[in-house]
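What follows is the residue order along each chain.
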Amino acid sequence: MKVVNLKQAILQAWKERWSDYQWAINIKKNLGTKGATWDYLNLAEALMEQALIGPSPNPLILSYLKYAINSQMVSYSSVLTAISKFDDFSRDLCVKSLLEIMDMFSNHLSCHGKAEECIGLCRALLNVVMWLLLGCAWYCDRLRELGISVSTEASLKACQERLHSLVSSIKNRALIHIARLEDQGSWSNVEQAIVKLTEGISSVTNQTLKSKLEESVSLVKGIPHMLTAQSPPPAQPSFPSVHAFIMLEGTMNLTGETQPLVEQLMMIKRMQRIPTPLFVLEIWKACFTGLIESPEGTEELKWTAFMFLKIPQVLLKLKSPQSDRGQDFMDDVNVAFEYLLKLTPLLDKADQRCNCDCLNMLLQECNKLGLLSESHATNLSSKRYEGREYAPRLKTTENANIQPNPGLILRAEPTVTNILKTVDADHSKSPEGLLGVLAHMLSGKSLDLLLAAAAATGKLKSFARKFIKLNEFPKHISGEGSKSASIRALLFDISFLMLCHVVQTYGSEVILSEPSPSGETPFFETWLLTCMPEEGKILNPDHPCFRPESGKVESLVALLNNSSEMKLVQMKWHEICLSTPAAILEVLNAWENGALTVDAVQRITDNIKGKVCSMAICAVAWLVAHVRMLGRDEREKPQTMIRQLVLPLYGENTLQFYNERVVIMSSILEHMCADVFQQTGLLLRSPLEGQEPIPYRNLLPAKEPIHEALCRQFQAVLRKGWVDSRALHLFESLLHIGGVFWFTNNLVKELLKETRKEWANRVVELLYSIFCLDTQQITLTLLGTILPNLLTDPAHWHSLADPPGKALAKLSVWCALSSFSTHHKGQASARQRKRQREDIEDYSSLFPLDDTQPSKLMRLLSSNEDEPVTLSSPGDRSMSSSLSASQLHTVNMRDPLNRVLANLFLLISSILGSKMAGPHTQFVHRFMEECVECLEQGHRGSILQFLPFTMVSELVKLPAMAKPKVVLAITDLTLPLGRRVAAKAISAL
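Remember, it's a predicted structure, so these values are computed and weren't measured experimentally. What you see as residue numbers is a count from 1 along each chain, following the sequence as written. Where totals are concerned, whole chains, interfaces and linings use all residues; where local detail is concerned, this predicted model gives features only for residues with pLDDT of at least 70, and gives and counts side-chain atom pairs only at 80 or more. Hydrogens and waters are ignored; side-chain quantities use all the structure's heavy atoms.

(A) Representation of the overall build of the protein chain within the structure. Starting at the N terminus, helices and strands are each numbered in turn, a helix being any DSSP run of H or I of at least four residues and a strand any DSSP run of E of at least two. Scanning the protein chain from N- to C-terminus turns up 48 helices and zero strands. Exposure categories follow from relative accessible area, calculated using a 1.4 Å probe and restricted to protein chains: below 20% of the type maximum is buried, above 50% is exposed, and the middle band is partly exposed. Across the 989 residues that make up the protein chain, the buried fraction comes to 55%. Nonlocal contacts in the protein chain, meaning residues at least 24 apart in sequence, comprise 79% of its contacts between residues at least 6 apart. Using a 1.4 Å probe, the Shrake-Rupley method yields the accessible areas, and only the shown protein chains count as cover for residues. Put simply, the protein chain shows about 42200 Å² of open surface, and 53% of that area lies on carbon and sulfur atoms. When checking whether two residues touch, look at their non-hydrogen atoms; a contact exists if any pair is within 4.5 Å.

In structure tokens, the structure reads:
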């Protein structure tokens with residue numbers, strides 16, 4: 001009835017010519033409705049319907065509508081919706097008056113009502129944009145049909161101006177974006193209107209008007225992509241975090257898979273918005289630096305393999321996600337090399353170190369993989385040739401003998417594949433051929449070359465698996481002569497030595513990370529787990545694994561003591577290796593009790609190492625475990641035995657390939673004993689001329705507290721501006737010794753000391769890459785313990801002021817994003833997996849596991865009057881703004897990282913809502929700004945899904961956050977609740 005009465009009241013007012021305020025008084029008196037109920041009665045639509053009956057609008061009824069708008073009897077959304085329903089564009093005067101009504105409020109559109117009303121405004125804006133597009137299209141058609149007409153052009157211009165003023169406002173575009181997600185059908189109508197208008201634009205002859213129309217259309221088209229537009233990257237010449245991350249991977253993680261490395265690099269690139277050419281340049285700079293400063297020997301080969309085999313593959317994967325712009329990526333790689341050519345001293349130093357033109361070889365590799373075009377590669381190569389003219393070279397006599405490592409590594413890669421095939425073949429009939437292949441691998445630095453090439457190309461695990469299989473082969477004995485016995489002994493020995501060498505060079509996880517294909521555990525895996533000393537692994541010398549059956553031990557002792565040399569026929573080498581430690585214990589006891597002389601012991605040790613080097617390794621492995629348990633005074637005799645076993649035996653009667661095997665044996669034993677001999681300050685053997693010490697060992701200064709060592713090393717790195725491989729190894733040792741909390745806490749203190757902005761930013765980049773030593777655990781400590789401590793203790797608030805506060809916020813967000821992305825792809829690197837896990841804290845107490853009940857803290861934070869705080873059933877749950885998107889997506893809260901993030905956002909939310917401001921609130925603002933800046937915007941699975949929706953209304957009170965794009969970025973627009981919260985926040989801006 002009220003709707004009927006409303007129409008009658010309008011007609012009566014018109015008949016009696018009431019003035020606008022008289023009309024308003026009477027209508028309120030007679031219909032007696034308040035506020036938003038005028039929208040419910042469709043007052044705006046009713047007035048418009050009556051006003052636009054004739055060819056020209058009724059000025060009196062229009063004055064009523066204008067009065068209703070000015071006195072806020074009708075909402076903007078109801079007026080816009082009513083306008084968009086008018087479809088007769090031939091009535092120019094009516095259209096003109098509608099545009100004038102829009103002008104009354106279109107420059108200050110807002111809504112301070114409930115979320116539903118705000119969503120209504122979004123829909124109305126979408127409808128009116130579509131109406132204006134259709135209007136422009138209609139006038140364009142009219143121009144085409146009737147030719148140039150001043151009035152039509154004026155109407156077209158009027159529509160275009162209103163369209164442009166509406167969509168040029170970011171706030172309006174954001175509201176339309178929400179409406180688009182709310183109702184995809186309406187948006188497809190808008191797209192059809194755009195197509196229609198685009199066809200019609202060609203008939204517009206006025207060039208100014210035409211370009212303005214095109215500009216307006218492109219603004220509307222850009223609405224779905226408004227969150228992907230990135231701000232320009234900051235201008236800075238170098239990126240220490242990329243450099244340090246590459247140094248870390250090259251030094252410590254050659255065996256790691258390529259994909260996680262690519263994703264981590266992409267994450268750094270995105271977070272810092274690094275342009276591709278500079279990004280690729282930084283990767284190459286780090287590679288050259290790492291190669292130049294790597295210690296000679298195995299480490300240098302590992303770096304060479306990393307640089308020439310692994311990094312080109314990484315770049316290839318960086319190119320593939322952008323396959324549509326593959327040519328652009330090739331151009332970027334070319335630009336990066338152009339920059340690199342300017343760093344002549346760096347290139348010269350690398351060339352001198354490797355004795356070849358490194359850059360030229362890289363160019364060839366990149367060209368092969370399609371990362372550089374032929375013409376670019378040739379051009380760059382010729383430029384480098386000119387640059388090398390004056391480079392310092394090695395003397396020609398030295399030069400002739402040195403084969404360049406890069407060339408060797410590139411040749412080793414196909415050899416790896418061939419060897420894998422050879423070892424796979426069936427050798428049970430004639431194992432001699434296999435022996436020849438293995439012997440060739442042992443000569444010179446072949447083994448290290450092949451292992452480095454295999455590690456860089458991801459084939460090391462299958463390589464190790466093949467050697468384990470080979471090591472099992474000699475178990476099977478059937479009536480054999482002396483020749484086949486010696487072949488069997490050699491196969492066992494060489495495969496055992498190679499496996500020990502792989503473990504010491506690349507870590508035991510290469511072998512242990514995948515279970516053996518057959519059901520039973522192979523001998524070498526068992527021995528590795530229980531008997532082989534490694535850094536950070538303490539063995540028990542009295543463990544049952546060192547105590548086999550006494551009969552076997554006695555016969556072995558007799559054999560070692562009596563015969564002039566070891567016999568080979570019918571020997572079960574696996575059993576001999578397991579019995580050796582117990583035999584050594586017997587010999588040691590006899591010597592210590594005076595039953596054996598030094599010469600007798602020497603003869604026994606000569607027998608142990610004289611034929612099969614594996615026995616010496618098993619003996620020393622046990623002696624090292626034994627010596628660790630002894631006091632300083634008791635160590636002399638066992639250490640003498642170790643020395644006797646380490647030195648090679650020069651005799652006639654040794655087994656084939658003895659010299660090659662002994663070189664590897666000595667290196668393995670030196671690595672095993674290094675720690676034990678360092679404890680007493682003794683040398684394993686007299687320092688030979690030119691013999692290199694074991695790289696990256698004993699880096700911690702003696703008698704210096706670890707806290708001082710950490711601070712000193714970090715200050716050195718900060719002054720230098722980049723992290724070198726030695727520093728990374730030292731940081732890793734300190735992380736092991738001090739533990740995650742100690743390490744992270746002290747480095748955060750170093751950051752908070754920096755009061756200069758550019759230095760604080762440099763610290764962030766360096767710390768981020770140092771934290772990559774164990775991102776997961778360090779992030780849990782940083783976000784779960786250190787930040788909450790700083791934010792909740794007023795005594796620490798002063799340290800959170802800018803610039804260090806802003807820097808810490810940036811570091812925290814970077815760590816959170818990296819951890820979250822790698823964690824949810826399940827990609828902890830092998831390096832991080834091997835560290836002993838520390839129980840940081842039981843996070844269950846911080847966050848309720850029952851997801852249907854919002855936690856008590858969340859309920860306290862829910863300050864919205866619109867929604868009831870206590871939820872009657874899980875059904876209403878999807879609309880309670882006290883929740884976060886993660887709870888509506890039912891993210892697993894038993895996961896420590898998810899729980900830490902959820903808890904941190906609750907803490908941030910309570911700080912934002914509290915009455916006290918200070919540096920801690922400023923830190924929270926910075927943290928949220930960084931979140932928005934670093935995110936792939938509009939990305940559902942980001943860390944912002946843990947942000948309680950109530951926080952959005954608090955955040956828009958901050959000047960830096962009161963931007964429509966920011967609101968869209970921090971709310972999850974895939975959820976209806978997310979869209980309502982965003983609409984409400986943006987409408988009120």
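(B) Examining the environment of Ile148 more closely. Structurally, Ile148 is set in the loop between α8 (115-146) and α9 (150-167). Note on Ile148: relative accessible area 67%, which makes it exposed. Considering only alpha carbons, one finds Ile148 and Ser203, 55 residues apart in sequence, at a separation of 9.4 Å.

(C) Summary view of the nonpolar core. In this structure, Trp23, Trp131, Trp527 and Phe743 are the most contacted members of the largest nonpolar core, which totals 341 residues. Of all the elements, α8 adds the most residues to this core, at 18 residues. Excluding anything up to four places from it in sequence, Trp527 contacts Phe496, Cys500, Met532, Leu578, Ile617, Cys618, Ala621 and Met672. Buried Ala, Val, Leu, Ile, Met, Phe, Trp, Tyr and Cys residues that are joined via side-chain atoms within 4.5 Å together make up what is termed a nonpolar core.

(D) Inspection of the pattern of salt bridges at higher detail. Every case where a carboxyl oxygen of Asp or Glu lies within 4 Å of a side-chain nitrogen of Lys or Arg is listed as a salt bridge. Using the criterion set out here, one finds 31 salt bridges in the structure. Between Glu933 and Arg273 there is a salt bridge, and its shortest N-O distance comes to 3.5 Å. Here Arg273 lies in the loop between α14 (258-272) and α15 (276-293) and Glu933 lies in helix α45 (residues 919-934), a separation of 660 residues in the sequence. Looking at Arg273, the relative accessible area reads 16%, which means it is buried. Ionic contacts of the salt-bridge type, sharing partners, join the residues Glu116, Arg123, Glu182, Arg979 and Arg980 into one network.

(E) Inspection of the packing of helix α26 (residues 482-506) against helix α32 (residues 613-628) at higher detail. It is at 8 Å that the axes of α26 and α32 come closest, and there the two elements cross at 45°. When the interaxial angle is binned, α26 and α32 end up oblique. Contact with α26, carried on its side by Phe492, Asp493, Phe496, Leu497 and Cys500, involves Cys613, Ser614, Ile617 and Cys618 of α32 and no other residues of that element. Note on residue classes: Ala, Val, Leu, Ile, Met, Phe, Trp, Tyr, Cys and Pro are nonpolar, Asp, Glu, Lys and Arg are charged, and everything else, Gly too, is polar. Tallied by class, the residues present in the contact of α26 with α32 amount to seven nonpolar, one polar and one charged. Convention adopted: a line fitted to C-alpha atoms gives each axis, helices being fitted over their contacting stretch, and angles between N-to-C directions are expressed from 0 to 180 degrees. Any angle that falls under 35 degrees is termed roughly parallel, while one over 145 is termed roughly antiparallel, one within 65 to 115 roughly perpendicular, and all others oblique.

(F) Quick peek at helix α29 (residues 550-562). Every helix has an expected span of 1.5 Å times one less than the residues it contains. With 13 residues, α29 extends 18 Å between its outermost C-alpha atoms, agreeing within 8% with the 18 Å of an ideal straight helix rising 1.5 Å per residue. Those residues of α29 that fall on the buried side of the exposure criterion are Val553, Leu556, Leu559 and Leu560. Viewed end-on, α29 has its buried residues packed into an arc of 125°, placing them on one side of the element. α29 presents Ser550, Glu554 and Asn562 as exposed residues on the side facing more than 90 degrees away from its buried surface. This arc describes the spread of directions from the helix axis toward the C-beta atoms.

(G) Focus on α26. If you check α26, its first and last C-alpha atoms are 36 Å apart, about what 25 residues at 1.5 Å a residue would give, namely 36 Å. Buried residues dominate α26, accounting for 21 of its 25 residues. Downstream of α26 by a residue or two, Gly507 has a phi angle that is positive, lying close to 90°.

(H) Fine view of unusual backbone geometry. Cis geometry marks the peptide bond from Asp802 to Pro803, where omega comes out at 0°. Checked against the element boundaries, Pro803 lands in the loop between α39 (775-792) and α40 (804-824). For Gln72, which is not glycine, the phi torsion reads 55° and is therefore positive. With respect to the secondary-structure elements, Gln72 resides in the loop between α5 (59-70) and α6 (76-84). On the accessibility criterion, Gln72 (63% relative accessible area) is exposed.

(I) A look at the side chain of Arg635. Relative to the helices and strands, Arg635 resides in the loop between α32 and α33 (636-646). With residues near it in sequence (within four places) discarded, Arg635 still touches Val627, Arg628, Leu630, Val676, Gln679 and Thr680.

(J) View of the environment of Glu214. With respect to the helices and strands, the residue Glu214 is situated in helix α12 (residues 207-221). The exposure class assigned to Glu214 is partly exposed, which follows from its relative accessible area of 42%. Sequence separation of Glu214 and Gln160 is 54 residues, and the distance between their C-alpha atoms is 9.8 Å.

(K) Quick look at the environment of Asp87. On the secondary structure map, Asp87 appears in the loop between α6 and α7 (92-103). You can call Asp87 exposed: its relative accessible area is 64%. Spatially, the C-alpha atom of Asp87 lies 8.0 Å from that of Trp131, the residues being 44 residues apart in sequence.

(L) Up close: the packing of aromatic side chains. By convention, a stacked pair of Phe, Tyr or Trp rings (six-membered ring in the case of Trp) has centres within 6.5 Å and planes under 30 degrees apart, an edge-to-face pair has planes over 60 apart, and any other such pair is tilted. Counted according to the given criterion, the structure contains 20 aromatic pairs. Ring centres 5.6 Å apart and planes at 35° place the aromatic pair Phe89 and Trp131 in the tilted group. Here Phe89 is found in the loop between α6 and α7, whereas its partner Trp131 is found in helix α8, with 42 residues between them in sequence. Trp131 carries the same exposure label as Phe89, and that label is buried. With 5.2 Å between their ring centres and 90° between their planes, Phe463 and Phe467 make a pair best called edge-to-face. Placement of the pair is Phe463 and Phe467 together in helix α25 (residues 460-472), with a separation of four residues, close to one helical turn. Taking the relative accessible area as the measure of exposure, Phe467 reaches 2% and is therefore buried. Each member of the aromatic cluster is reached from another via a ring pair, and the members are Phe492, Phe496, Phe523, Phe524 and Trp527. Note that Lys720 overlies the ring of Trp722, its terminal NZ or CZ placed 4.3 Å from the centroid. Placement of a positive charge over a ring is assigned whenever Lys NZ or Arg CZ falls within 6 Å of the ring centre and within 35 degrees of the normal to the ring plane.

(M) Main features of the packing of helix α2 (residues 20-31) against α5. Their axes nearest at 9 Å, the elements α2 and α5 cross at an angle of 70°. Taken as axis vectors, α2 and α5 run roughly perpendicular relative to one another. For the pair α2 and α5, the crossing hand works out as right-handed. Contact residues: α2 offers Asp20, Tyr21, Trp23 and Ala24, while α5 offers Ser63, Tyr64, Tyr67 and Ala68. Should the near helix be turned counterclockwise from the far one by less than a right angle, the crossing is left-handed, whereas a clockwise turn marks it as right-handed.

(N) Seen up close, the confidence of the model for the protein chain. Looking at the protein chain, the pLDDT average stands at 84 and 87% of residues meet or exceed 70. Per residue, pLDDT captures the predictor's confidence, and it can take any value from 0 to 100. Of all helices and strands in the protein chain, the one with the weakest mean pLDDT is helix α42 (residues 856-861) (40), whereas helix α37 (residues 740-753) scores best (96). Across residues 833-877, where pLDDT falls below 50, the model places 76 contacts with residues more than four positions away in sequence or in other chains.

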